[in-house]
Amino acid sequence: MSYLDNIRTFVRVYDLGSMSAAGRDLRISPAVTSARISQLEDHLSVRLFQRTTRNLTPTEQGRAFYPGAVSVLDAVDEAEAKVVHLTEAPRGSLFVAAPFGVGRRLLAPHVPDFLALYPEIDVRLRLTDRSVDLTTEGLDLAFFIGQPEDSTLRIRKIADCQRVLCAAPDYVKRHGMPQTGADLISGKHECLNLRFPGAAEFQWMLETPEGPKRFAVSGRFECDDGDVLTDWALSGQGIALKPVFEVADHLKAGNLIPVAPQSPPVPVQMACLYTHRRHQDPKARLFMNFMIELIQKVVSPSVA
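Each value, and the rule that gives it
- Residues numbered from 1 in each chain as written.
- Predicted model: local features only at pLDDT ≥ 70, side-chain atom pairs only at ≥ 80, totals over all residues.
- Heavy atoms only, no water.
- Phe/Tyr/Trp six-rings, centres within 6.5 Å; stacked < 30°, edge-to-face > 60°.
- Helix = DSSP H or I, 4+ residues; strand = E, 2+ residues; numbered from the N terminus.
- Salt bridge = Lys/Arg side-chain N within 4 Å of Asp/Glu carboxyl O.
- Buried < 20%, exposed > 50% of the residue type's maximum accessible area, 1.4 Å probe, protein only.
- Polar contact = N/O pair within 3.5 Å; in protein donor to acceptor, adjacent residues only side chain to side chain.
- Contact = heavy atoms within 4.5 Å.
- Pairing = 2+ DSSP bridges.
- Axes fitted to C-alpha atoms, helices over the stretch in contact; angles between N-to-C directions.
- Core = buried A, V, L, I, M, F, W, Y, C linked by side-chain atoms within 4.5 Å.
- Parallel < 35°, antiparallel > 145°, perpendicular 65-115°, else oblique.
- Left-handed = near helix turned anticlockwise from the far one by under 90°.
- Nonpolar A, V, L, I, M, F, W, Y, C, P; charged D, E, K, R; others polar.

Visitor: Explain the packing of aromatic side chains to me, please; I cannot follow it from the model alone.
Guide: The final tally for this structure, using the stated rule, is 9 aromatic pairs. The interplanar angle of 45° and the centroid separation of 5.4 Å between the aromatic rings of Phe10 and Phe49 together place this pair among those described as tilted. Pair noted here: Phe10 is in helix α1 (residues 3–16) and Phe49 is in strand β1 (residues 49–51), with a separation of 39 residues, a long-range link. What links up through ring pairs into an aromatic cluster is the set Phe10, Tyr14, Phe49, Phe65 and Tyr66.

Shown next as structure tokens:
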């Protein structure tokens, strides 16, 4: 086993806090993961982790070794990226995260076309509607809608993402058509909430004659998967706030209709998040450029 592989394994174990999680991320067995850490510890003549049956925590030596280990991997990645750029033959694994809706509708259908152009690249797409951490999760790029929590990372804006409040005609027939954001609250409408553990109090930012305003909507339905909210809306369970591109077909077919027309949702940015180092990687830049060009053609500025 190479010393560099041992260092890479150590960093992933440190980041993820688990031998098994690091092994899954690196696509190696738990036995190989443990062996690499043991070899590194033997080479350094120190214990890098304290292990118990339930916990794994870095030792003082492990915490001291970590920054240097990350710097070594960064330097190797940057050196490889420069060589690949010169040979114009990008290769290797590309780790990409995206919300479910963006990933399923805008990225995944075009990944085969990208890989056909660059046969030496493999794409590992991670879909989640929660916020992700590029550093600790080993990601190269993260597509997102909204505002990122980490302001130290670099952002490439893709488009202003138009959104719509929508519900099934059956829901509107039973509960009435709200005209404004205030109607959502006074009418005690069932609002379908996208929420995940640790998320802030849920509010919808809507346009009003006085300007954008937050409305503390409520409802009995919430989920961390936006497609589940769409399914609930289609079945007449409540009102969903959705990016237009996610529900355009349902709106066109009349399965969903816009509601609260006097208080439309404030558009949010769709963008791609990356670190400065990763921006130097040709395969990350190629994937970002390839997908952004396609996404900009799909994300429509209008509900109609």
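Visitor: What's the story with the pattern of salt bridges in this structure? I'm lost.
Guide: Between side chains of opposite charge, a pair can form as their charged atoms come close. A complete count under the given rule lists 13 salt bridges for this structure. Of the charged contacts, one joins Arg12 and Asp25 as a salt bridge, the two residues approaching to 3.0 Å between their closest N and O atoms. Linking Arg12 in helix α1 with Asp25 in helix α2 (residues 19–26), this pair joins segments that are 13 residues apart in sequence. Each member of the pair, Arg12 as well as Asp25, carries the same accessibility label: buried. Arg47 is paired through a salt bridge with Glu41; the nearest N and O atoms lie 4.0 Å apart. A relative accessible area of 8% places Glu41 in the buried class. Salt bridges linked by common partners bring Arg104, Arg105, Asp225 and Asp227 together as one network.

Visitor: Hey, could you run me through the side chain of Thr59 in this one?
Guide: Positionally, Thr59 belongs in the loop between β2 (56–58) and α4 (60–87). The buried category is assigned to Thr59, whose relative accessible area is 7%. Engagement of the side chain of Thr59 in a polar contact is seen with the backbone oxygen of Arg47, the distance being 2.5 Å. Apart from residues no more than four positions distant in its own chain, Thr59 is found in contact with Arg47, Leu48, Phe49 and Gln50.

Visitor: Help me out: how do you make sense of the sheet that holds strand β8 (residues 191–194) in this one?
Guide: Within a sheet, neighbouring strands are paired by backbone hydrogen bonds and run either parallel or antiparallel to one another. The strand order β11-β8-β12-β7-β13 describes an open sheet built from 5 strands, whose pairing is mixed. Every interior strand has two partners, whereas the edge strands, β11 (222–223) and β13 (257–258), have only one. Across 4 bridges, the pairing between strand β7 (residues 163–167) and strand β12 (residues 239–243) is antiparallel. In the strand pairing of β12, Arg163 is matched with Pro243. Helix-sheet contacts for helix α9 (residues 226–234) involve β8, β11 and β12, and the interaxial angle to β8 is about 170°. Of the strands in this sheet, β7, β12 and β13 are in contact with helix α10 (residues 244–253), which crosses β12 at around 120°.

Visitor: Honestly, unusual backbone geometry in this entry has me stumped. Any pointers?
Guide: Most peptide bonds adopt trans geometry, and most residues besides glycine take a negative phi value. For Ser45, which is not glycine, the phi dihedral falls at a positive 60°. With respect to the helices and strands, the residue Ser45 is situated in the loop between α3 (30–44) and β1.

Visitor: In this structure, what is going on with the sheet that holds strand β5 (residues 141–145)? I would like to understand it.
Guide: Spatially, the 5 strands line up as an open sheet ordered β4-β3-β5-β14-β6, and their pairing is mixed. Two strands in the sheet have a free side with no partner beyond their single neighbour: β4 (121–127) and β6 (154–161). Shown here is a sheet whose adjacent strand axes are inclined to one another by a mean of 20°, direction ignored. Here 2 bridges tie strand β3 (residues 92–98) to β5, and the two strands are oriented parallel to one another.

Visitor: Would you mind going over helix α5 (residues 100–107) with me for this structure?
Guide: Because an α-helix completes one turn every 3.6 residues, residues spaced three or four positions apart along the sequence face the same direction. For α5, the buried fraction is high: 6 of the 8 residues fall into the buried class. When α5 is considered as a whole, its buried residues turn out to be Phe100, Gly101, Val102, Gly103, Leu106 and Leu107.

Visitor: Sorry if this is basic, but what is going on with the nonpolar core here?
Guide: Soluble globular proteins: nonpolar side chains tend toward being buried together. Counting 28 residues, the largest nonpolar core has Phe143, Met270, Phe287 and Ile295 as the members making the most contacts within it. Mapped by element, the contributors of at least two residues to this core are β3, α5, α6 (111–117), β4, β5, β6, β14 (268–274) and α12 (282–298). Per element, the largest residue contribution to this core is 7 residues, and it comes from α12.

Visitor: Is there a simple way to explain the packing of α1 against α2 in this structure?
Guide: α2 packs onto α1 with a crossing angle of 125° between their chain directions and a minimal axis gap of 8 Å. In terms of orientation, α1 and α2 fall into the oblique class. The handedness of the crossing between α1 and α2 is right-handed. In contact with Arg8, Thr9, Arg12, Val13 and Leu16 of α1, α2 contributes Met19, Ala21, Ala22, Asp25 and Leu26. Along the lines of polarity and charge, the residues of the contact of α1 with α2 split into 6 nonpolar, 1 polar and 3 charged.

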